[in-house]
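Chain by chain, the residues run as shown.
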Amino acid sequence: MALPLYQRKAEFFRTLGHPVRIRVLELLGDGPMAVRDLLADVEIEASSLSQQLSVLRRAGIVTSRRDGSAVIYALAGPDVADLMRAARRFLTEMLAGQAELLEALREDQANADDEPLPVPR
């Protein structure tokens, strides 16, 4: 029996649920990269990067090819880069809203500090 679409989506987002994988996808959004270049940018052990790339490759999110002794990784399609950009926009808007709320709270506190304290009866 085939899995419902919502379960497949959940599996997809679980696959994305690792900071190294997200960083790799962001980097590959600029174009294909050799593993050695990914290593320099991600700054983790080669075995850890290899493990994360394997997860992404098995999920069909990235592709790999050999170019001489180098292995080059690329996004499987432009939709992945679009998803990373959408996530960035969403988080930017969410954080901007939180910054506005924080500023409003600070202004309220400053106004409250300026008000005289009530006189106890």
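Scroll up to find the structure this text is about.
What comes next concerns the included structure.

The rules behind each value
Numbers given to residues run from 1 along each chain, matching the order in which its sequence is written. Since the coordinates come from a predicted model, pLDDT governs what is reported: local features require at least 70, and pairs of side-chain atoms require 80 or more to be given and counted, while whole-chain, interface and lining totals use all residues. Neither water nor hydrogens contribute to the side-chain values; these are computed over all heavy atoms in the structure. Excluding any residue in a salt bridge, patches collect residues exceeding 30% relative accessible area, merging like charges within 9 Å and nonpolar Val, Leu, Ile, Met, Phe, Trp and Tyr side chains within 5 Å. Computed by Shrake-Rupley with a 1.4 Å probe, the accessible areas treat only the displayed protein chains as cover when residues are assessed. Each salt bridge in this description consists of a side-chain nitrogen of Lys or Arg and a carboxyl oxygen of Asp or Glu lying within 4 Å of one another. We count a stretch as a helix when DSSP gives it H or I for four or more residues in a row; a strand needs E for two or more, and each element gets its number in order from the N terminus. Buried residues are those whose accessible area, probed at 1.4 Å on protein chains only, stays under 20% of the maximum for their type, while exposed residues exceed 50% and partly exposed ones sit between those limits. Pairs of N or O atoms are called polar contacts if they sit within 3.5 Å, as long as, within protein, a hydrogen donor faces a hydrogen acceptor (for residues adjacent in sequence, only side-chain-to-side-chain pairs). The contact rule is simple, with two residues in contact once any of their heavy atoms fall within 4.5 Å. Throughout, nonpolar core names a set of buried Ala, Val, Leu, Ile, Met, Phe, Trp, Tyr and Cys residues whose side chains join them through atoms within 4.5 Å.

Notes on a nonpolar patch on the surface
And step 1. The grouping of Phe 90, Leu 91, Met 94 and Leu 95 at the surface amounts to a nonpolar patch, some 390 Å² of accessible area in total.
And step 2. As for its placement among the helices and strands, Leu 91 is situated in helix H5 (residues 78-114).
And step 3. Note on Leu 91: relative accessible area 42%, which makes it partly exposed.

Quick look at the side chain of Gln 52
And step 1. When you line up the elements, Gln 52 lands in helix H4 (residues 46-58).
And step 2. Within polar-contact distance, the side chain of Gln 52 engages the side chain of Arg 21 at 2.6 Å.
And step 3. Each residue touching Gln 52, except ones within four places of it in the same chain, is listed here: His 18, Val 20 and Arg 21.

Quick look at the nonpolar core
And step 1. In terms of nonpolar packing, the biggest core is built from 19 residues, with Val 24, Leu 25, Leu 28, Leu 38, Ile 61, Val 62 and Leu 75 touching the most fellow members.
And step 2. Not counting residues up to four positions away in its chain, the partners in contact with Val 24 are Val 42, Leu 49, Leu 53 and Leu 56.

Geometric values such as these leave the question of function open.
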